[in-house]
Amino acid sequence: MARAATTTDAFNAVAEPRRRQIVDLLGDRELSVTDIVDAMPISQPQVSKHLKVLKEVGLVRLRSDGRRRYYRLRAEALRPIHDWVSEYEQLWADRLDRLDGYLEEVQRRDER
C-alpha cells in the first residue's frame, strides 16, 4: 500500500530534521549535491530524496550545469511558516513581560 504524501507544503517538508539541515546549508548560498552530501551524515541517494521533496514544495530551486546539479534556497517559500510563527511572537512577548514584572516585584520584596 502506498504511503500518503506527507510533504505537500513547507510545514511538512521542514518537519523532517534532515530537510531542515539542508535548508540551513542552503540558507545563504548555492550548493552542489556533492557539497550537500559532504556536509551531511547520510548517503547521496538519501540527500537526493530530501532535495526532491524540498523542490516539489518549492523550497529549493535547481540549476543544472552539465552533469552537476546546484540547489539554492527559495526563502520566500518559507513565508507561510514565518507568518504562522509570527502570530505567537506577541503572545510570548506578553508572557515574558509579565514574568519580568513578577521577578522585579519579588526582588523588591526581598530587598525590604
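Procedures and definitions
- Residues numbered from 1 in each chain as written.
- Predicted model: local features only at pLDDT ≥ 70, side-chain atom pairs only at ≥ 80, totals over all residues.
- Heavy atoms only, no water.
- Helix = DSSP H or I, 4+ residues; strand = E, 2+ residues; numbered from the N terminus.
- Buried < 20%, exposed > 50% of the residue type's maximum accessible area, 1.4 Å probe, protein only.
- Contact = heavy atoms within 4.5 Å.
- Areas by Shrake-Rupley, 256 points an atom, 1.4 Å probe, with all protein chains shown as cover.
- Salt bridge = Lys/Arg side-chain N within 4 Å of Asp/Glu carboxyl O.
- Pairing = 2+ DSSP bridges.
- Patch = residues over 30% accessible without salt bridge, like charges linked within 9 Å, V, L, I, M, F, W, Y side chains within 5 Å.
- Expected span 1.5 Å × (residues − 1).
- Arc of directions from axis to C-beta.

Undergrad: Explain the overall build of the protein here, please?
TA: Each helix and strand counted, the protein has 5 helices and 3 strands in total. Walking the protein from its N terminus toward its C terminus, one meets helices and strands in the order α-α-β-α-α-β-β-α. With respect to the three principal axes, the spread of C-alpha positions in the protein is 75 × 35 × 25 Å. A total of 112 residues make up the protein; the buried ones form 27% of that total. Put simply, 49% of the contacts in the protein that link residues at least 6 apart link residues at least 24 apart. Within the structure as shown, the protein displays about 8400 Å² of accessible surface, and the carbon and sulfur contribution to it stands at 50%.

Undergrad: Before we go on, may I ask you to explain the pattern of salt bridges in this structure?
TA: Where charged atoms of side chains with opposite charge meet at close range, the side chains can pair. According to the stated counting rule, one finds 7 salt bridges in the structure shown. Close ionic contact of K52 with E56 constitutes a salt bridge, the shortest N to O distance being 3.9 Å. Remark: E56 and K52 occur in helix α4 (residues 44–56); sequence separation between them is 4 residues, near one turn of the helix. Exposure remark for E56: the relative accessible area of 54% places this residue in the exposed category. In this structure, R109 and E105 form a salt bridge, with 2.9 Å as the shortest nitrogen-oxygen distance. Of this pair, R109 and E105 both sit in helix α5 (residues 79–111), 4 residues apart, which is roughly one turn of that helix.

Undergrad: Help me understand the sheet that holds strand β1 (residues 31–32), please; the structure alone is not making it clear to me.
TA: In sheet architecture, strand pairing relies on hydrogen bonds along the backbone and comes in two forms, parallel and antiparallel. Here we have 3 strands laid out as an open sheet, ordered β1-β3-β2, and antiparallel in their pairing. Strand pairing shows two members of the sheet lacking a second neighbour, β1 and β2 (60–65), which therefore form its edges. Where β1 and strand β3 (residues 68–73) come together, 2 bridges link them in antiparallel fashion. The residue of β3 that forms the bridge with S32 is Y70.

Undergrad: Help me out: how do you make sense of a nonpolar patch on the surface in this one?
TA: Where nonpolar side chains cluster on the molecular surface, the patch consists of F11, W84, V85, Y88, L91, W92, L96, L99, Y102 and L103 and spans about 1000 Å² of accessible area. Examining the composition of the nonpolar patch, we find that 9 residues originate from one element, α5, more than from any other. Relative to the helices and strands, L103 resides in helix α5.

Undergrad: Mind showing me how you'd approach the pairing of β2 here?
TA: In regular strands, side chains alternate between the two faces of the sheet. Taken together, the 6 bridges between β2 and β3 define a ladder with antiparallel strand orientation. Directly across from R63, in β3, lies its bridge partner Y70. Counted between consecutive antiparallel strands, the loop separating β2 from β3 contains 2 residues, among which G66 sits at a positive phi close to 65 degrees.

Undergrad: Before we go on, may I ask you to explain α4 in this structure?
TA: Every α-helix carries 3.6 residues per turn, so stepping three or four residues along brings you back to the same face. The first and last C-alpha atoms of α4 sit 18 Å apart over 13 residues, in line with the 18 Å expected at 1.5 Å per residue. Along α4, the residues classified as buried are V47, H50, L51, V53 and L54. Buried positions in α4, seen along its axis, are confined to an arc of 160 degrees and lie on one side of it. Facing away from the buried side of α4 by more than 90 degrees, the exposed set consists of K49, K52 and E56. Each element contacted by the buried residues of α4 is listed here: α1 (10–13), α2 (17–25), α3 (33–39), β2 and β3. Two residues or fewer past α4, G58 is found with a positive phi of approximately 85 degrees.

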